[in-house]
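# A closer look at the structure
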Amino acid sequence: MIESLEKIKVSVDPKFDKRLDQALPILENLFKKIYCGKEAEIQFFELIKRLTEAAKARPSELKKEDERKSQDWFLSNELCGMSLYVDQFCGTLADMPSKLDYLEELGVNLLHLMPLFESPEGESDGGYAVSDYRKVDSKFGTLKDLKAVQKKMRKKGMHLMLDIVLNHTSHHHEWAKRARNGEKEYQDFFYMYDNRWIPNEFEESMPEIFPESSPGNFTYVKECDKWVMTVFHDYQWDLNFMNPRVLIEMMDNVLFYANLGVDILRIDAPAFIWKENGTSSQNLPQVHTLLQLIKQCVKVVSPGMALLGEAIVPPKQIMKYFGSGEFVAQECDFAYNATHMALTWDMLATSETKVMLAAQHDILKKPVGTSWINYIRCHDDIGLGFEDQSILDSQKDPHAHRSYLKNYFSGAFPGSPSSGALFSSNPKTGDARISGSLASLCGLERAIENKDQREVELSISKILLMQSHSMFLGGLPMLFYGDEIAYTNDYSFQLDPAKSYDNRWMHRPKIDWDKVEKRKDNGSVEQLVFSQTQKLIGIRKELPVISDYSNLEWMSPHNVHVAGFIRENESEKFIGVFNFSDQEAFLTWYAFREKGIFDVELKDHWTGNEFSVGADHEYLIIPPYGFYLFEVK
Ligand code: GLC
């Protein structure tokens with residue numbers, strides 16, 4: 001193939017030409033692993049043509065930016081992200097530039113703007129049902145507005161993250177409309193069947209994602225009398241990547257986003273992009289080949305753009321998204337540390353670190369050069385997706401343990417301070433995930449209702465404990481908007497028929513800027529949470545040892561309530577210790593000594609105090625839900 005390609009190749013610029021030449025054999029091999037035959041050959045040429053066109057269209061300032069960025073720019077301790085819905089946060093894209101100062105004040109310098117592209121009102125899944133990948137939804141503004149936001153952000157040294165919804169389109173997308181109208185060419189863009197035979201077979205082994213609001217995996221389309229695969233909602237039609245045209249069109253959309261100046265592209269739901277009858281149709285090997293191919297194309301056209309694979313899958317599976325074999329660290333640059341996120345909630349509910357520590361041997365296998373998105377809350381539900389084995393290793397019963405966690409966070413457990421809710425309960429499997437804002441899950445909502453000042457203080461400590469634990473682990477912290485100002489659950493979604501079926505909206509608040517102003521009122525909850533979150537971000541930015549060079553080691557569990565880790569590079573050492581109980585925790589200094597840490601001073605960046613490492617029979621005392629961020633001097 002490559003020989004014939006040589007004849008039609010067009011030169012763009014020396015740097016691109018060189019990258020393409022080097023990548024061609026790899027691209028061809030990856031492509032051929034999935035697609036074969038004459039048609040595949042034609043489509044491979046088409047792919048190269050699209051890469052060349054995208055390279056030609058890439059604005060020169062972005063090309064300069066590609067050169068300026070180091071290969072691992074995204075591992076830096078100086079980055080701190082936030083995910084937000086533009087409409088809920090401030091209204092429209094045109095309103096965004098005026099809000100950047102607020103984010104800057106907090107210390108956030110990377111924004112994940114939740115889906116902005118056209119998505120039908122009422123059947124939108126928060127924008128994850130896209131009907132046009134190139135047109136900004138009018139409720140947010142225009143593409144021009146988005147470009148203006150990007151420019152302003154760039155001027156301020158801020159980075160942009162956007163989504164590409166790769167697995168499915170809205171049923172109002174042009175391809176879906178044409179498929180519905182009977183055009184075979186477009187029916188082949190989806191998994192469409194004449195009757196229920198194959199769908200029934202598929203469903204025997206496919207789990208349900210939204211069993212309450214959208215049970216099953218197929219939807220009947222009466223206009224063409226066919227069944228279409230809809231793994232998520234019935235209005236989200238799964239794209240069929242067995243058809244190489246689908247890959248090429250979606251690759252083109254990926255590069256369109258790259259050329260808008262996206263720094264990190266969040267690939268939505270990649271685990272699902274290849275389906276096979278008789279399997280769960282998740283995490284299949286072809287998924288990885290496709291992602292590796294996408295990574296290679298991005299490296300050729302827009303080498304400064306990193307890829308985040310939003311695979312919310314168990315720890316053993318997640319590692320594969322960073323690439324394996326000859327493609328180690330050549331697939332997704334980032335994955336969500338969803339397992340650790342859930343384990344942090346596990347620690348909060350149980351006051352114990354056992355299950356978290358039992359899961360670490362898998363999590364620590366992340367390859368050097370790749371990174372986690374660390375978070376404690378995002379727009380989605382919290383799934384208790386860690387392995388049963390980690391629970392068993394902690395001498396607990398998995399079923400009883402998970403039931404406890406669900407009851408604790410939904411507030412059903414007697415004495416629980418949380419006011420969350422169960423999401424997507426599946427009576428067939430007993431599974432359920434958890435919705436609720438960080439503050440409400442940490443007890444602030446209930447404490448305010450009960451006018452219980454001590455509980456208010458404790459819940460603020462818990463919010464900061466959760467944030468700090470996540471911010472100093474290896475990876476890029478991604479805050480969720482509203483959490484920095486202690487938003488409790490917003491129940492207004494229940495009155496909106498387009499949202500009421502999905503209780504994840506309870507933790508997607510509409511920002512009231514008068515509440516945000518309260519960050520200036522000394523002693524208010526808003527001020528305490530905002531200023532201390534800001535302080536945490538500031539500390540992170542001062543410590544290069546927090547850059548994610550996979551340099552994390554867990555301390556031994558001398559006190560079951562305390563999670564402690566050490567981060568080290570050639571010249572610096574950092575130790576974070578976090579107390580997940582409501583009592584003071586005593587940690588033997590032996591925990592430090594056994595790691596070779598003695599005869600040194602520890603400077604706690606959180607309180608500003610200095611500590612000397614004591615004798616084995618002496619203890620470091622950590623306040624209830626408190627923590628220390630030690631620099632070893
Ligand atoms: C991802 C999104 C989630 C959405 C789903 C379907 O998991 O984070 O919000 O519902 O994909 O697109």
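So, a few notes on the structure that sits alongside this text. Given the structure is predicted, the values throughout are model-derived calculations rather than measurements.

Another point: the overall build of the protein. Tallying secondary structure elements over the protein gives 23 helices and 25 strands in all. In terms of overall dimensions, the protein is globule-like: its C-alpha atoms have a radius of gyration of 25 Å, near the 26 Å expected for 633 residues. For the protein, the C-alpha atoms occupy an extent of roughly 75 × 55 × 50 Å along the three principal directions. Relative to its full complement of 633 residues, the protein shows a buried share of 62%. Counted over contacts in the protein with a minimum sequence separation of 6, partners at least 24 positions apart contribute 72%. For the protein, the exposed area adds up to about 24,200 Å²; of that, 50% sits on carbon and sulfur atoms. Within the protein, the 93 negative side-chain charges are centred at a point lying 4 Å from the centre of the 71 positive side-chain charges.

Sheets are built from strands that pair by backbone hydrogen bonding, the pairs being arranged parallel or antiparallel. Across the sheet, 3 strands lie side by side as S7-S9-S8; this open sheet has antiparallel pairing. In this open sheet, the two edge strands, each paired with only one partner strand, are strand S7 (192-193) and strand S8 (218-221). Note that S8 and strand S9 (residues 226-229) share 4 bridges and pair antiparallel. In the strand pairing of S9, Phe-218 is matched with Met-229.

Here we take up the nonpolar core. Met-96, Leu-103, Leu-113, Phe-241 and Trp-345 are the most contacted members of the largest nonpolar core, which has 200 residues in total. Looking at this core, the element that brings in the most residues is helix H11 (residues 244-258), giving 10 residues. Taken domain by domain, this core gets at least three of its residues from each of domain 1 (351-368 + 370-548) and domain 2 (552-632). Apart from residues no more than four positions distant in its own chain, Leu-103 is found in contact with Met-82, Leu-84, Phe-89, Met-96, Val-108, Leu-111 and Met-158. Core analysis: the next-biggest nonpolar cluster, separate from the first, contains 20 residues, Ile-597, Leu-602, Tyr-628 and Phe-630 among them.

Below, the discussion takes up the sheet that holds strand S22 (residues 601-604). Taken in spatial order, the 6 strands make up an open sheet running S18-S19-S20-S25-S22-S23, and their pairing is antiparallel. The open sheet has two edge strands, strand S18 (552-554) and strand S23 (610-612), and neither has a second partner. Strand-to-strand twist in this sheet, taken as the mean axis angle between neighbours without regard to direction, amounts to 25°. Here 5 bridges tie strand S20 (residues 573-579) to strand S25 (residues 627-632), and the two strands are oriented antiparallel to one another.

Here we take up the environment of Gln-296. Structurally, Gln-296 is set in helix H12 (residues 285-301). Residue Gln-296 is classed as buried on the basis of its relative accessible area, which comes to 5%. It is 9.4 Å that separates the C-alpha atoms of Gln-296 and Leu-30, two residues lying 266 residues apart in sequence. Discounting chain neighbours no more than four positions away, the residues touching Gln-296 are Ala-23, Ile-26, Leu-27, Leu-30, Phe-327 and Gln-330.

For the rest of this paragraph, the subject is empty space enclosed by the protein. Tallying each qualifying case throughout the model produces 6 cavities of 30 Å³ or more. As a volume, the largest cavity reaches approximately 70 Å³. Taken together, Leu-113, Met-114, Pro-115, Leu-116, Phe-117, Gly-127, Val-130, Tyr-133, Leu-162, Asp-163, Val-165 and Tyr-257 form the lining of the largest cavity. Broken down by element, the lining of the largest cavity gets its largest block of residues, 3 residues, from strand S5 (residues 159-165). Residues belonging to the lining of the largest cavity are distributed by class as follows: 10 nonpolar, 1 polar and 1 charged.

Moving on, we get to the packing of aromatic side chains. Each aromatic ring pair is summarised here by two numbers: the centre-to-centre distance and the angle between the ring planes. Enumeration over the complete set of coordinates arrives at 42 aromatic pairs. Centroid distance Tyr-404 to Tyr-408: 5.9 Å. Interplanar angle 50°. Geometry classified as tilted. Of this pair, Tyr-404 and Tyr-408 both sit in helix H17 (residues 398-409), 4 residues apart, which is roughly one turn of the helix. In this structure, Lys-69 packs its charged tip against the face of Trp-73, placed 4.4 Å from the ring centre. Across from the ring centre of Phe-530, 5.4 Å away, lies the NZ or CZ of Arg-519, which sits over that ring.

Note on placement: His-168 falls in strand S6 (residues 168-170). Of the polar contacts made by the side chain of His-168, one reaches the backbone oxygen of Tyr-128; its length is 3.2 Å. A polar contact of 3.0 Å, which involves the side chain of His-168, links it to the side chain of Asn-167. When neighbours within four sequence positions are excluded, His-168 is seen to be in contact with Tyr-128, Tyr-133, Phe-232, Gln-236, Trp-237, Asp-238, Leu-239 and Asp-268.

By rolling a water-sized probe across the atoms, one finds the places where empty space is left. The calculated volume of the second largest pocket comes to roughly 700 Å³. In this structure, the second largest pocket is lined by 36 residues; those nearest its centre are Arg-19, Gln-71, Lys-299, Pro-303 and Gly-304. Listing elements by their share of the lining of the second largest pocket, those giving two or more residues are helix H2 (14-34), helix H4 (60-68) and H12. The element best represented in the lining of the second largest pocket is H2, accounting for 6 residues. Its residues assigned to classes, the lining of the second largest pocket shows 15 nonpolar, 7 polar and 14 charged.

Take helix H3 (residues 38-57) next. Look at H3: 29 Å from first C-alpha to last across 20 residues, which is about the 28 Å you get at 1.5 Å a residue. For H3, the complete set of buried residues consists of Ala-40, Gln-43, Phe-44, Leu-47, Ile-48, Arg-50, Leu-51, Thr-52, Ala-54 and Ala-55.

Parameters and conventions
- Residues numbered from 1 in each chain as written.
- Predicted model: local features only at pLDDT ≥ 70, side-chain atom pairs only at ≥ 80, totals over all residues.
- Heavy atoms only, no water.
- Helix = DSSP H or I, 4+ residues; strand = E, 2+ residues; numbered from the N terminus.
- Rg over C-alpha atoms; globule rule 2.2 N^0.38 Å.
- Buried < 20%, exposed > 50% of the residue type's maximum accessible area, 1.4 Å probe, protein only.
- Contact = heavy atoms within 4.5 Å.
- Areas by Shrake-Rupley, 256 points an atom, 1.4 Å probe, with all protein chains shown as cover.
- Lys, Arg positive; Asp, Glu negative; His and termini not counted.
- Charge placed at Lys NZ, Arg CZ, Asp CG, Glu CD.
- Pairing = 2+ DSSP bridges.
- Core = buried A, V, L, I, M, F, W, Y, C linked by side-chain atoms within 4.5 Å.
- Domains from an automatic or database assignment.
- Axes fitted to C-alpha atoms, helices over the stretch in contact; angles between N-to-C directions.
- 1 Å grid on protein atoms, 1.4 Å probe; cavity = no way out; pocket = protein on both sides within 12 Å on 5 of 7 lines; lining within 4 Å.
- Points joined across faces, edges and corners; volume = space filled by probe spheres on them.
- Nonpolar A, V, L, I, M, F, W, Y, C, P; charged D, E, K, R; others polar.
- Phe/Tyr/Trp six-rings, centres within 6.5 Å; stacked < 30°, edge-to-face > 60°.
- Lys NZ or Arg CZ within 6 Å of the ring centre and 35° of its normal.
- Polar contact = N/O pair within 3.5 Å; in protein donor to acceptor, adjacent residues only side chain to side chain.
- Expected span 1.5 Å × (residues − 1).

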